[in-house]
Amino acid sequence: MLEINAQGMPYRELNRLIREAVAAGEESFRLYNVCGQRYIGAGLRRPVYIEIHGVPGNDLGVFMDGPTILVRDNGQDGVGNTMNDGRIVIHGDAGDVLGYGMRGGSLFIRGDVGYRVGIHMKAYREQVPVIVVGGTAGDFFGEYMAGGIMVLLGLYGGARRPLAGDYLGTGMHGGVIYVRGRPEPYRLGKEVRVFELENGDAAILQPLLDRFAEHFGTEPLDVGREPFTKLLPVSHRPYGRLYAT
Amino acid sequence: MREGMVRIPSGCAVSAVMNTRGRRINGEAITRSIACMHDRSNGLGGGFAAYGIYPEFAELYALHLLCDDEAARLDADAFLQKNFEVHRSEPIPTRRVREITDPPVIWRYFVAPRRECLEQRCLEDERDLVTEAVMTVNNRIPGAYVMSSGKNMGVFKGVGFPEDISRFYRLDEYEGYMWTAHGRFPTNTPGWWGGAHPFNLLDWSVVHNGEISSYGINKRYLEMFGYRLELQTDTEVVAYLFDLLHRRHGLSLSVVCRVLAPPFWKDIDRMEAAEREANTALRMVYGSAMMNGPFSIIVSHSRGLIGLNDRVKLRPLVCGRKGDFVLLASEESALRLLLGDPDEVWAVRAGHPVIVEMERSVAA
């Protein structure tokens, strides 16, 4: 394991050290005193393991293709931006545009997430991106979502804010959003509807719940005993006729 | 090509620190916080607002001026002498910093409005005279601009990265109970000394990440109340809107925020009758003060801080608290750097302000 003290280190230097070590065959990293350094793990294509202590900067794991990143604290904005494969596990909260344009791999967030989570996420054949959120989400959850799976658990009581904010699934035209509860109709985007779970959903959802519990050392939820609903798009081309006469 | 003729899209950084019991903080702290977000700005603007730095002149207005040359400074000087008793006039101390090139003439005045000027103009509130003077200098005296005009506070800004601007102005030699900071990445307007943030009027200062797309409407509205917008930057409207709505129209700070970033009509429709009526009235009366476009702003005044996002959260803002210290910043890392392990840290919600006030018992 390579340990790096990132205190006061510019992001370019930190990422250069990681890239060079990965090229030399290093498989495991522990970064400590991280404070706002951007692009950690950017574009790495090997299944290395990176453990981060402190708050990593924006675009954590951007374009990443295989590594596993563990964050003990909170994440900032743009976690998993356009990520292709691998896994990011965050023990705290995460910010806005989490999983932006994500096309594979998985993000597990124990706490709350910000606005526009999963925006433009997409799937292709076996590449199915997954986002699982333990807390609540801000507005525009799953905006313009084209594929993949998002799970919103709302585990910690809705005292501070609703399970999901407004404009839920606005512009969504592919993939599925599982929500532990039933979102109020006025919060839904025009392009989605709420459905009961069907045969086959448990087979997708239960392994994700198990993995969530494993990552954070919590009791696994049982799909059958929880009030899950799912959101699906009503059209695969919601804007197809926008400019047609 | 001259700066201002090309368009470079990106973001800015904002940051603020306040001690709610009035304990004073060295300028070094806010500098570290804003420097942590270095990559959000591009060297075309940096600045700071500092509160509580001039206790020995607490009763006087501190006017910080930027002047293109000494001639412009003398024109401004003559105008100020006519309207104010000038208790002290001096260059703002700076140090030579390699990164800061071609600074203007930078001066400060500690002044009190002349009583006869107030009487002549039938002005009851001396702050109206100060406001008029600021507008006149910015608008009528070529090459002279007022950076700040509050009491026991001052704005220090210019073209450069914020950490370099801080060294240039020797901010490590100042102590204040509240600081705000800005690192600029100009998008639609030129990166010049007067266009750096914070923007100020009286004790209002504003730092802003984003763009006020409603600038034209807001500007015309403010002009009806005598404000002149001369600094070629959208953020200027925010300082004047707070002055107009809070100081002159008497709206509470939370209502001012409601005017600037009002609930959507769909949300107003779902409110109880009384609340619906109040919010409808605010939108009708103050429609031209509503700010459109992406923004996260930090507004400061002598007794507190306000953090506000646009209604769909197109720019980031995080708040943190540890004991009697409260911080706001574009990124959580910039809070952590100063607070270590905060008691609380949360993302400011779209359109819902964070309003922090000095403890009542503290005189400041």
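Predicted model only: the values in this text are computed from it and were never measured. (Residues numbered from 1 in each chain as written. Chains lettered and ligands numbered in written order. Predicted model: local features only at pLDDT ≥ 70, side-chain atom pairs only at ≥ 80, totals over all residues.)

Our next topic: the overall build of chain A. Looking only at helices and strands, one finds two helices and eleven strands in chain A. Order of helices (α) and strands (β) in chain A, N terminus to C terminus: β-α-β-β-β-β-β-β-β-β-β-α-β. In terms of C-alpha radius of gyration, chain A reaches 18 Å, essentially the compact-globule figure of 18 Å for 245 residues. In terms of overall dimensions, chain A has C-alpha extents of about 55 × 45 × 30 Å along its principal axes. Each of the 245 residues in chain A was classed as buried or not, and the buried ones make up 50%. (Helix = DSSP H or I, 4+ residues; strand = E, 2+ residues; numbered from the N terminus. Rg over C-alpha atoms; globule rule 2.2 N^0.38 Å. Buried ≥ 20, exposed ≤ 12 C-beta atoms within 10 Å, placed from the backbone.)

This brings us to the overall build of chain B. The helix and strand tally for chain B stands at eleven helices and 18 strands. Taking 364 residues into account, the globule formula puts the C-alpha radius of gyration at 21 Å, and chain B, at 19 Å, falls close to it. In terms of overall dimensions, chain B has a C-alpha envelope of 60 × 50 × 50 Å along the principal axes. Buried positions account for 53% of the 364 residues belonging to chain B. A fraction of 75% describes how many contacts in chain B between residues 6 or more apart in sequence connect residues 24 or more apart. (Contact = placed C-beta atoms within 7 Å.)

Our focus in this paragraph is the interface of chain B and chain A. With 15 residues of chain B in contact, the opposing surface of chain A contributes 15 residues. Considering each element in turn, the side of chain B that touches chain A owes the most residues, five residues, to helix α11 (residues 332-339) of chain B. In the side of chain B that touches chain A, the residues fall into eight nonpolar, one polar and six charged. (Nonpolar A, V, L, I, M, F, W, Y, C, P; charged D, E, K, R; others polar.)

Residue and element names in this part refer to chain B. At a minimum axis distance of 10 Å, the contact between helix α6 (residues 215-223) and helix α7 (residues 236-248) shows a crossing angle of 40°. Between α6 and α7, the crossing angle belongs to the class labelled oblique. Relative to α7, α6 is oriented so that their crossing is left-handed. Here Tyr 215, Asn 218, Lys 219 and Leu 222 of α6 come into contact with α7, specifically with Val 237, Tyr 240, Leu 241 and Leu 244. Broken down by class, the residue content of the contact of α6 with α7 amounts to six nonpolar, one polar and one charged. (Axes fitted to C-alpha atoms, helices over the stretch in contact; angles between N-to-C directions. Parallel < 35°, antiparallel > 145°, perpendicular 65-115°, else oblique. Left-handed = near helix turned anticlockwise from the far one by under 90°.)

Another aspect to go through is the sheet that holds strand β15 (residues 318-322) of chain B. Residues and elements named next belong to chain B. A sheet is described by the order of its strands in space; here seven strands give the open sequence β8-β3-β10-β1-β16-β15-β17, paired in antiparallel fashion. Two strands bound the open sheet, and with one partner strand each, they are β8 (153-158) and β17 (344-347). Each neighbouring strand pair of the sheet contributes to a mean axis angle of 10°, computed without reference to strand direction. Across six bridges, the pairing between strand β3 (residues 46-51) and strand β10 (residues 178-183) is antiparallel. The residue bridging Ala 50 from the neighbouring strand is Trp 179, located in β10. Its contacts with the sheet place helix α1 (residues 27-35) against β1 (13-19), β3, β10 and β16 (325-329), and it is angled at close to 150° to β1. (Pairing = 2+ DSSP bridges.)

Turning to the environment of B:Arg303, a few remarks are in order. Within the secondary structure layout, B:Arg303 lies in the loop between β13 (295-301) and β14 (304-309). Considering only alpha carbons, one finds B:Arg303 and B:Asp77, 226 residues apart in sequence, at a separation of 30 Å.

Attention now moves to the packing of α7(B) against helix α8 (residues 253-260) of chain B. Residues and elements named next belong to chain B. The geometry of α7 relative to α8 is characterised by a closest axis approach of 10 Å and an angle of 130° between their N-to-C directions. Judged on the interaxial angle alone, α8 and α7 are oblique. Seen along the crossing, α7 lies across α8 with a hand that is right-handed. Counted together, Leu 241, Phe 242, Leu 245 and His 246 of α7 and Leu 253, Val 256, Val 259 and Leu 260 of α8 form the full contact between these two elements. Residue composition of the contact of α7 with α8, by class: seven nonpolar, one polar and no charged.

Within the largest apolar cluster, 184 residues are counted, with the highest numbers of intra-cluster contacts made by A:Val151, A:Leu152, B:Leu65, B:Trp179, B:Leu241 and B:Leu327. Element by element, the count of residues in this core is highest for α7(B), at eight residues. Leaving out residues up to four positions away in the same chain, B:Leu65 has contacts with B:Arg73, B:Ala76, B:Trp107, B:Ala144, B:Tyr145, B:Val146 and B:Met147. (Core = buried A, V, L, I, M, F, W, Y, C linked by C-beta atoms within 7 Å.)

This brings us to the pairing of strand β5 (residues 85-90) of chain A. If a strand is regular, its side chains alternate between the two faces of the sheet. All names here are of chain A. For β5, the tally of buried residues reaches five of six residues, placing the bulk of the element in the interior. In this sheet, β5 lies alongside strand β4 (residues 65-71) in parallel orientation, the contact comprising five bridges. Bridge pairing links Thr 68 to Arg 87 in β5. As judged from the four bridges shared by β5 and strand β6 (residues 106-109), these two strands associate in the parallel manner.

Let us now look at the sheet that holds strand β11 (residues 228-233) of chain A. Residue and element names in this part refer to chain A. Strand order in this open sheet of eleven strands is β1-β2-β3-β4-β5-β6-β7-β8-β9-β11-β10, and the pairing throughout is mixed. Edge positions in the sheet fall to β1 (2-5) and β10 (192-196), since each has one partner strand and no second. Across the sheet, the axes of successive neighbouring strands diverge by a mean angle of 15°, strand direction being ignored. Here four bridges tie strand β3 (residues 49-55) to β4, and the two strands are oriented parallel to one another. Residue pairing across strands places Tyr 49 opposite Thr 68, the latter belonging to β4.

This next bit is on the confidence of the model for chain B. Residue and element names in this part refer to chain B. With 97% of its residues at a pLDDT of at least 70, chain B reaches an overall mean of 94. Contacts for the low-pLDDT stretch residues 1-10, under 50 throughout, to residues beyond four places or in other chains number 13 contacts. Note on the complex model: pTM 0.95, ipTM 0.94. (pLDDT = per-residue confidence, 0-100.)

Residue and element names in this part refer to chain A. You can see Pro 207 is positioned in helix α2 (residues 201-216). Using a count of 13 C-beta atoms within 10 Å as the deciding quantity, one classes Pro 207 as partly exposed. Separated by 15 residues in sequence, Pro 207 and Asp 222 have C-alpha atoms that sit 10.0 Å apart.

Looking now at the environment of A:Val176. Residue and element names in this part refer to chain A. With respect to the element layout, Val 176 can be found in strand β9 (residues 176-180). For the pair Val 176 and Leu 232, spaced 56 residues apart in sequence, the C-alpha to C-alpha distance is 5.5 Å. Those residues in contact with Val 176, other than ones at most four positions away along the chain, are Ile 149, Lys 230 and Leu 232.

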